[in-house]
2 protein chains.
Amino acid sequence: MAKPTLDFWFEFASTYSYPAAMRISPLAEAAGVAVRWRPFMLGPIFKEQGWTTSPFNLFPAKGRNMWRDLERTCGTFGLPFVRPTTFPQNTLLAARVALVGLAEAWGEDYCRAIYRAEFAEGRTVEETETIAGVLTSLGLDASAVLDRAQSNENRSQLRAHTEEAQKLGIFGSPSFVTADGELFWGNDRLEAALNWARR
Amino acid sequence: MAKPTLDFWFEFASTYSYPAAMRISPLAEAAGVAVRWRPFMLGPIFKEQGWTTSPFNLFPAKGRNMWRDLERTCGTFGLPFVRPTTFPQNTLLAARVALVGLAEAWGEDYCRAIYRAEFAEGRTVEETETIAGVLTSLGLDASAVLDRAQSNENRSQLRAHTEEAQKLGIFGSPSFVTADGELFWGNDRLEAALNWARR
């Protein structure tokens, strides 16, 4: 029988998506669930709610708690954490590159490397140079990958992903969607989503 | 040595506070932590963020997910769940009565009974009659309790609680605050808050 599947929807700017991205593969492996990594952009979805930036910036008490809670959460899972100076970051290029990688074998390693750069090292991942550095460290031809990432076809694919996310009712990252359409939101729902997927 | 303490801040209108209220006592008992129940009103705090109702109503995708997730969460913990027709409910009187009860021995039972009426039976708990019924079922003189709940002194105490919550950085319910000032938000942070309290 084929493994049950779970779609992992993520936006690189999202803080709680960092622990989710670092945790999902071993947990899914143990649960016997196949995960499909689905990058998308939260910006257009936030705009529909009237938000021009992250709700963690719009609502400062919530934002303060999020940073502290993220630090505690990373501590619990033994993940290094350094708060980046820029938040949220413009992750359009990073997401376009992820799409290219996820169609090949290096996509998941690349995604984890971007999250690590951003939230374990506190770096900005907006710049082409940072992304090129990550690609090079994975043994890839950075300039060739970046060209493919910026192709019209790849750009429209990312837009289509974001529209699909919106149609699924996704409003935040990370989100997990099972084959039967159950939507789970948040790093703290990862285990519940995996349990649902393998019922 | 005295038991470590944890303040449990809750608003009766809050959905995820229902599983938190039903779970906290046995978990705290097992963890050797003394819990102080602190009712407060979210309305004034939401208003400061520019919200005139629950964010779950303001942001429909988030609201849809919350109801489904709450149902799943209650299922996980074996708690009955019936979605009330009114949301959020005006819980001012319910909170005033809770303050009276928590100064006596029946406060926690009363709080659980209100949450049960609202989210296990899907009833409205806005009306004096519903609250009086809960009080009577606890063997209390409902009319005497309601008089004390509506006293000027008790009303100002609830306002003072809400102001204290705001000063602590509380922006949602349930919230848990440890003796050393760590703030944890959400039913899904209850275990982490208890662990922190007893470190």
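Please read these numbers as outputs of a predicted model, since none were measured by experiment.

Draft legend 1. How the structure looks around the overall build of chain A. Check the secondary structure of chain A and you find ten helices and four strands. Taken from the N to the C terminus, the helices and strands of chain A come in the order β-α-β-α-α-α-α-α-α-α-α-β-β-α. Along the three orthogonal principal directions, the C-alpha set of chain A runs to about 45 × 45 × 35 Å. Each of the 199 residues in chain A was classed as buried or not, and the buried ones make up 40%.

Draft legend 2. Just helix H5 (residues 92-102) of chain A, in detail. By the criterion of burial, H5 of chain A is predominantly enclosed, with eight of the eleven residues buried. Looking at the buried positions of H5 of chain A, the neighbouring elements they touch are strand S2 (34-39), helix H6 (107-120), helix H7 (128-137), helix H8 (142-149) and helix H9 (152-167) of chain A.

Draft legend 3. Local environment of the pairing of strand S1 (residues 5-10) of chain A. Residue and element names in this part refer to chain A. Counting buried residues in S1 gives five out of six residues, a clear majority hidden from the surface. The pairing of S1 with S2 spans six bridges and is parallel. Its bridge partner being in S2, leucine 6 is matched across the sheet by valine 35. Between S1 and its parallel partner S2, the chain crosses via helix H1 (residues 17-31), and the hand of that crossover is right-handed.

Draft legend 4. Molecular detail of the confidence of the model for chain A. Per-chain confidence: chain A averages 96 in pLDDT, with 100% of residues scoring 70 or above. As a predicted assembly, this complex carries a pTM of 0.95 together with an ipTM value of 0.92.

Draft legend 5. Looking closely at the interface of chain A and chain B. Taken residue by residue, the interface counts 13 residues in chain A and 13 residues in chain B. Breaking the side of chain A that touches chain B down by element, the ones donating at least two residues are helix H4 (60-76) and strand S4 (183-185) of chain A. Looking at which element gives the most residues to the side of chain A that touches chain B, the answer is H4 of chain A, with five residues. Counted by class, the side of chain A that touches chain B contains six nonpolar, three polar and four charged residues.

Draft legend 6. Inspection of the relation of the copies chain A and chain B at higher detail. The operation relating chain A to chain B is a screw motion whose rotation component is 180°, with 0.0 Å of axial translation and a residual RMSD of 0.0 Å. The relationship between the two copies is best expressed as a two-fold rotation axis. Residue aspartate 188 of chain A of chain A places its C-alpha closer to the rotation axis than any other residue of that unit, at 3.7 Å. Comparing contact sets, 100% of the residues at the interface of chain A also lie at the interface in chain B, consistent with an isologous, same-surface contact.

Draft legend 7. Layout of the sheet that holds strand S3 (residues 175-178) of chain A. Residue and element names in this part refer to chain A. In space, the four strands of this open sheet follow the order S2-S1-S3-S4, with mixed pairing throughout. Single-partner strands in this sheet number two, and they are S2 and S4. Looking at each pair of strands side by side, their axes are set apart by 25° on average, direction ignored. Running at roughly 10° to S3, helix H10 (residues 190-197) makes contact with S1, S3 and S4 of the sheet.

Draft legend 8. Summary view of the sheet that holds strand S4 (residues 183-185) of chain B. All names here are of chain B. Taken in spatial order, the four strands of this open sheet run S2-S1-S3-S4, and their pairing is mixed. Where the open sheet ends on each side, the last strands, each with one partner, are strand S2 (34-39) and S4. Taking each pair of neighbouring strands and ignoring which way they run, the sheet shows an average axis angle of 25°. Bridge analysis of strand S3 (residues 175-178) against S4 gives three bridges, and the strand direction is antiparallel.

Draft legend 9. Quick look at the packing of helix H5 (residues 92-102) of chain B against helix H8 (residues 142-149) of chain B. All names here are of chain B. It is at 8 Å that the axes of H5 and H8 come closest, and there the two elements cross at 100°. Between H5 and H8, the crossing angle belongs to the class labelled roughly perpendicular. Along the contact surface, H5 presents Leu93, Arg96, Val97 and Val100, while H8 presents Val145, Leu146, Arg148 and Ala149. Its residues assigned to classes, the contact of H5 with H8 comprises six nonpolar, no polar and two charged.

Draft legend 10. Expanded view of the packing of helix H7 (residues 128-137) of chain B against H8 of chain B. Residue and element names in this part refer to chain B. Their axes nearest at 9 Å, the elements H7 and H8 cross at an angle of 120°. Regarding the angle of H7 to H8, the classification is oblique. Here the hand of the crossing between H7 and H8 comes out right-handed. For the pair H7 and H8, contact is made by Thr128, Ala132, Leu135 and Thr136 and by Ala142, Val145 and Leu146, respectively. Tallied by class, the residues present in the contact of H7 with H8 amount to five nonpolar, two polar and no charged.

Draft legend 11. Quick look at the environment of serine 175 of chain A. All names here are of chain A. Checked against the element boundaries, serine 175 lands in strand S3. Its 27 C-beta neighbours within 10 Å are what place serine 175 among the buried residues. Sequence separation between serine 175 and glycine 186 is eleven residues; the distance between their C-alpha atoms is 6.0 Å.

Draft legend 12. Inspection of unusual backbone geometry at higher detail. For the bond running from serine 173 of chain A to proline 174 of chain A, omega is 0°, close enough to zero to count as cis. The topology assignment puts proline 174 of chain A in the loop between H9 and S3.

Draft legend 13. Molecular detail of the environment of tryptophan 185 of chain B. Tracing the backbone through its elements, the reader meets tryptophan 185 of chain B in strand S4. Dropping the residues within four chain positions of it, tryptophan 185 of chain B is found in contact with Asn65 of chain A together with Gly172 and Ser175 of chain B.

The rules behind the values
- Residues numbered from 1 in each chain as written.
- Chains lettered and ligands numbered in written order.
- Predicted model: local features only at pLDDT ≥ 70, side-chain atom pairs only at ≥ 80, totals over all residues.
- Helix = DSSP H or I, 4+ residues; strand = E, 2+ residues; numbered from the N terminus.
- Buried ≥ 20, exposed ≤ 12 C-beta atoms within 10 Å, placed from the backbone.
- Contact = placed C-beta atoms within 7 Å.
- Pairing = 2+ DSSP bridges.
- Right-handed = clockwise from strand over helix to strand, strands pointing away.
- pLDDT = per-residue confidence, 0-100.
- Nonpolar A, V, L, I, M, F, W, Y, C, P; charged D, E, K, R; others polar.
- Least-squares fit on C-alpha atoms with pLDDT ≥ 70 in both.
- Axes fitted to C-alpha atoms, helices over the stretch in contact; angles between N-to-C directions.
- Parallel < 35°, antiparallel > 145°, perpendicular 65-115°, else oblique.
- Left-handed = near helix turned anticlockwise from the far one by under 90°.

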